[in-house]
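Below, each chain spelled out in residue letters.
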Amino acid sequence: MFEGTRHSLGTTLARWHFRKSRDEVISFTTAVSSAQKVLLVMPLHVDDLLPTLQVVQMLKAQFREENLSIVIGDHGLEIVRLLPRSHFLHLLNPQVSRFYLPRADFIKTLAQKRYDLAIDLNLDLVLPSGYICKASGARVRIGFVHRKADIFYNFQIKPDSTLGRKLIYDRLAQCLQKF
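Residues numbered from 1 in each chain as written. Predicted model: local features only at pLDDT ≥ 70, side-chain atom pairs only at ≥ 80, totals over all residues. Heavy atoms only, no water.

Remarks on the overall build of the protein chain
Item 1. Secondary structure assignment for the protein chain yields six helices and six strands.
Item 2. Across the protein chain, helices and strands are ordered from the amino to the carboxyl terminus as α-β-α-β-α-β-α-β-α-β-β-α.
Item 3. Taking 16 Å as the expected radius of gyration for a compact globule of 179 residues, we find that the protein chain reaches 15 Å, a close match to that expectation.
Item 4. Projected onto the principal axes, the alpha-carbon positions of the protein chain cover approximately 40 × 40 × 35 Å.
Item 5. In the protein chain, the proportion of contacts linking residues at least 24 apart, taken out of those at least 6 apart, comes to 61%.
Item 6. Accessible surface computed for the protein chain: about 10,000 Å², of which carbon and sulfur atoms make up 53%. (Helix = DSSP H or I, 4+ residues; strand = E, 2+ residues; numbered from the N terminus. Rg over C-alpha atoms; globule rule 2.2 N^0.38 Å. Contact = heavy atoms within 4.5 Å. Areas by Shrake-Rupley, 256 points an atom, 1.4 Å probe, with all protein chains shown as cover.)

Looking at the packing of helix α2 (residues 53-62) against helix α6 (residues 165-177)
Item 1. Two numbers describe how α2 lies on α6: the axes approach to 7 Å, and their chain directions differ by 25 degrees. The orientation of α2 relative to α6 falls into the category roughly parallel. Across the interface between the two elements, Gln54, Val55 and Met58 of α2 pack against Tyr169, Asp170, Leu172, Ala173, Leu176 and Gln177 of α6.
Item 2. Here the contact of α2 with α6 is built from residues that sort into six nonpolar, two polar and one charged. (Axes fitted to C-alpha atoms, helices over the stretch in contact; angles between N-to-C directions. Parallel < 35°, antiparallel > 145°, perpendicular 65-115°, else oblique. Nonpolar A, V, L, I, M, F, W, Y, C, P; charged D, E, K, R; others polar.)

Okay, structure coming up:
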């Protein structure tokens, strides 16, 4: 019943938390290829995981597994098997506040590593995922276009809504390979 209000308050809290952080002007020409440490935020809904495998395969080919950190929910064993040497951060329901923001202990765990690139694979703006991308401190933060996505991402991709999810992620993988 109050879900919309809680989401709105969470967005406002996130905007307030990041109010002083400013992004520097950067060139995206080599944004992906020059990155060393990558944070990948997987979709938090189990139905959206399978179509993202093309992006995961592309990242696995481009980066060493040890340099990939992946945020997953309580599902995603396929990803764990696909990237056995990667670092996994499990974002479970108790680690998300009632305003849909990750709790301080999760952010503290996230801050133990530095990231050059953060990619959020949620097609819709999922508040915990966006917050994690911004809190990661990554120089380049990639997400999909949404009305309030500017708070969290400095590179946004507009998906073609006429395509299926698998094709959207396939095109994302192709796009990321160009950078």
